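# Structural description and commentary
Below, each chain spelled out in residue letters.
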Amino acid sequence: MRISELSKLTGASIRSLRYYEAKGLIATQREENGYRVFNQMAVERVKTIQFYLSLGFTTEQIESFLNCVMKNQESMCDDLLPLYTEKLEEIEQQMKMLQLLQANLKDRIAYIEQQRLQGLPVGLPAK
């Protein structure tokens, strides 16, 4: 199949497919006219790549385990569990940071609302 058909079947943009090819994540052959031709297995590979991208993995990380997960179940891929654990820790850190930002914004909103109720000018709090 040509790249446009692969794009339609997977929902991945042609640009993304070219990028995956350049990164070695999907294989292609060339016709005599230079057009890329993908086999049916490319559909499954692209969907698998999209799944791992949706979990927050980079294409470099995906490249390190893609062949294993395409041939085996995840539990058979030794490199995957440490990556999952690391990604989860990263997400938990991001959540803590977002909670801190949320608390700071709530404090600022409460401060501004209090100042307005008192008819006072709103400014930055004294340090």
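Computed from a predicted model, the values in this text were never measured in an experiment. (Residues numbered from 1 in each chain as written. Predicted model: local features only at pLDDT ≥ 70, side-chain atom pairs only at ≥ 80, totals over all residues. Heavy atoms only, no water.)

### Comments concerning the UniProt feature "coiled-coil region" (unreviewed entry) in the chain
UniProt tags residues 81–108 as "coiled-coil region" (unreviewed entry). End C-alpha atoms of residues 81–108 are separated by 41 Å, and the span's content is 100% helix alongside 0% strand. (UniProt positions renumbered as here; feature names shortened; annotations may be inferred. Helix = DSSP H or I, 4+ residues; strand = E, 2+ residues; numbered from the N terminus.)

### So, the state of the cysteines
Summed over the entire model, instances satisfying the criterion amount to one disulfide. The disulfide partner of Cys 68 is Cys 77, and the S-S distance across this bridge is 2.1 Å. For the disulfide bridge between Cys 68 and Cys 77, the dihedral angle about the S-S bond is near -105°, and by the sign convention the bridge is left-handed. (Disulfide = S-S within 2.5 Å.)

### Re the pattern of salt bridges
Evaluated as defined, the whole model comprises five salt bridges. The salt bridge involving Glu 21 is made with Arg 30; its shortest N-O contact spans 4.0 Å. Accessibility expressed as a relative area gives 18% for Glu 21, which makes it buried. Glu 60 serves as the salt-bridge partner of Lys 23, at 2.7 Å between the closest nitrogen and oxygen. Within this pair, whereas Lys 23 is found in the loop between helix H2 (14–22) and strand S1 (29–30), its partner Glu 60 is found in helix H4 (residues 59–71), the two being separated by 37 residues in sequence. Accessibility expressed as a relative area gives 24% for Lys 23, which makes it partly exposed. Take Glu 60: its relative accessible area is 43%, and that puts it in the partly exposed class. (Salt bridge = Lys/Arg side-chain N within 4 Å of Asp/Glu carboxyl O. Buried < 20%, exposed > 50% of the residue type's maximum accessible area, 1.4 Å probe, protein only.)

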